[in-house]
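Understanding the architecture of this molecule
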Amino acid sequence: MTQTSPAAAPVQAPPDRRRRVHRAWFVAAVTFVTIIGAAAFRSLPGLLIDPLHQEFGWSRGTIGAAVSLNLALYGLTAPFAAALMDRFGIRRVVAVALTVIAVGSGLTVWMTAAWQLWLCWGLLVGLGSGSMALAFAATVTNRWFTERRGLVSGILTAASASGQLIFLPVLSWLTEHHGWRPAAVTVALAALAVVPFVWILLRDHPADIGQKPYGAREFVPKPAPVTGAARRTLKVLSASVRTGTFWLLAGTFAICGASTNGLIQTHFVPAEHDHGMPVTTAASLLAVVGVFDVVGTIASGWFTDRFEPRRLLAVYYALRGISLVFLPMLLGPAVHPPMLFFIVFYGLDWVATVPPTLALCREQYGEDSAIVFGWVLASHQVGAALVAYLGGLARDVFGSYDVVWYASGTLCAAAALMSLVIRRRPAALVPAVS
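Quantities reported herein were computed from a predicted structural model and do not represent experimental measurements.

Bringing the packing of aromatic side chains into the picture now. Within a pair of aromatic rings, the relevant descriptors are the distance that separates the centres and the angle that separates the planes. Scanning the entire structure with this criterion turns up 13 aromatic pairs. Measuring from ring centre to ring centre gives 5.0 Å for W25 and F145, while their planes differ by 70 degrees; the resulting arrangement is edge-to-face. Separated by 120 residues along the polypeptide, W25 in helix α1 (residues 23-38) and F145 in the loop between α7 (134-144) and α8 (149-178) bring together distant segments of the chain. In this structure W25 comes out as partly exposed when scored by relative accessible area, which is 26%. For F145, a relative accessible area of 0% gives the class buried. With centroids separated by 4.3 Å and ring planes inclined at 10 degrees, the aromatic side chains of F56 and W58 adopt a geometry described as stacked. Relative accessible area serves as the criterion here: at 22%, F56 is assigned to the partly exposed category. Overall, W58 belongs to the buried group, its relative accessible area being 11%. Feature note: the residues W25, F145 and Y214 constitute an aromatic cluster, connected by ring pairs. Here the guanidinium or amino end of R87 rests over the ring plane of F88, the centre of that ring lying 4.8 Å away.

Below is the structure:
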């Protein structure tokens, strides 16, 4: 009887190495498209200033105050929205938020007084958009990914810029040729169109479909709904404000909001119009900002997975400040190469600050990082709201925006220094608040 040698042992078929794409990437794609669809409301404020001023005679400061309320609520709602997502689920909160945006934007077509602008665009759209803020992207990233979080947060942050790219030229054309009301209706319809998409395709947690988060080695059960969303949100704030890192992150992000949403997004189009540039042309330049914002933000997410986040922030803010100081010399009636260079440069840096800021929140505050980031985002929007108002006021008082550009450039230099002060290693983690 012959003995079988090891070499003659039956050979097993090699395992099938084909891998399905993890469901987390589909959820990220749904989130991306959702944010794009909701981004129409982010494109409109800068286009409203001149038409509303001409039709109703409202001062730019009055209109800027409504935009300020919108931006402030956008930020202040975000941390509560993150807690509500833990309580009621992502789908429900996002669907309701989109509906509120649609109602607020749609009602503006009948307004005749400034308080109605504050109510519809300031209050309703502000509350709805706050629930669709970056805390939404942070919650999806934290639940569905344990690897590639920097990259995913960069991609989802870029979705807002992609929406701006899609909607801004359309809305500016509608505003210039048909008035601002069709543009407001377009925003309402875009928000409503995304609601069924969210309800059917978005999932709250990997455990809902029996999967692990992307990159996780073990199955993660879905946590029970967390009751007392408002109480938990305030408790997390109370705990985080006792750490110096929170104030540094909030301060730098406030300057980020002041120099992007509050300044460029709100006042760039009217500033260029002051120098004789057509509104559609100026709006198209902002759309180009959106193109390069996508590239810059995704690249920033990739960098955040590999480099020190606080050093990235310092570089981003320093470069942004330098570009703002030179902007008054570039404004004019026509598009020229130096202005194109500014647009490309500013686009790459627009929200590149989000992935490293989110990474620092996650590093420092663990399970509560999405809510902490919501509060940091609130400071972003408070800074944006202040400059949206003060920028319009400065234009009314001085007859130009020059002082606002220089002041914002100086603030960015301060933010660069603040970023370097953030500790390299985590401070004592704030205990998760139940």
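This part covers a nonpolar patch on the surface. Together, L76, V382, L386, Y389, L390, L393, V397, F398 and V403 make up a nonpolar patch on the protein surface, roughly 800 Å² of accessible area in all. At seven residues, the largest contribution of residues to the nonpolar patch is made by helix α17 (residues 369-398). By the element assignment, L393 lies in helix α17.

Once that is clear, we can look at the pattern of salt bridges. Enumeration according to the criterion identifies four salt bridges in this entry. Between D274 and R395 there is a salt bridge whose closest N-O contact spans 2.6 Å. Within this pair, whereas D274 is found in helix α12 (residues 261-274), its partner R395 is found in helix α17, the two being separated by 121 residues in sequence. When the shortest N-O distance is used, the salt bridge between R320 and D349 registers 2.9 Å. With R320 in helix α14 (residues 309-326) and D349 in helix α15 (residues 337-349), this pair connects stretches of sequence that are 29 residues apart. For D349, a relative accessible area of 6% translates into the label buried.

Reading the values: rules and limits
Residues numbered from 1 in each chain as written. Predicted model: local features only at pLDDT ≥ 70, side-chain atom pairs only at ≥ 80, totals over all residues. Heavy atoms only, no water. Phe/Tyr/Trp six-rings, centres within 6.5 Å; stacked < 30°, edge-to-face > 60°. Helix = DSSP H or I, 4+ residues; strand = E, 2+ residues; numbered from the N terminus. Buried < 20%, exposed > 50% of the residue type's maximum accessible area, 1.4 Å probe, protein only. Lys NZ or Arg CZ within 6 Å of the ring centre and 35° of its normal. Patch = residues over 30% accessible without salt bridge, like charges linked within 9 Å, V, L, I, M, F, W, Y side chains within 5 Å. Areas by Shrake-Rupley, 256 points an atom, 1.4 Å probe, with all protein chains shown as cover. Salt bridge = Lys/Arg side-chain N within 4 Å of Asp/Glu carboxyl O.

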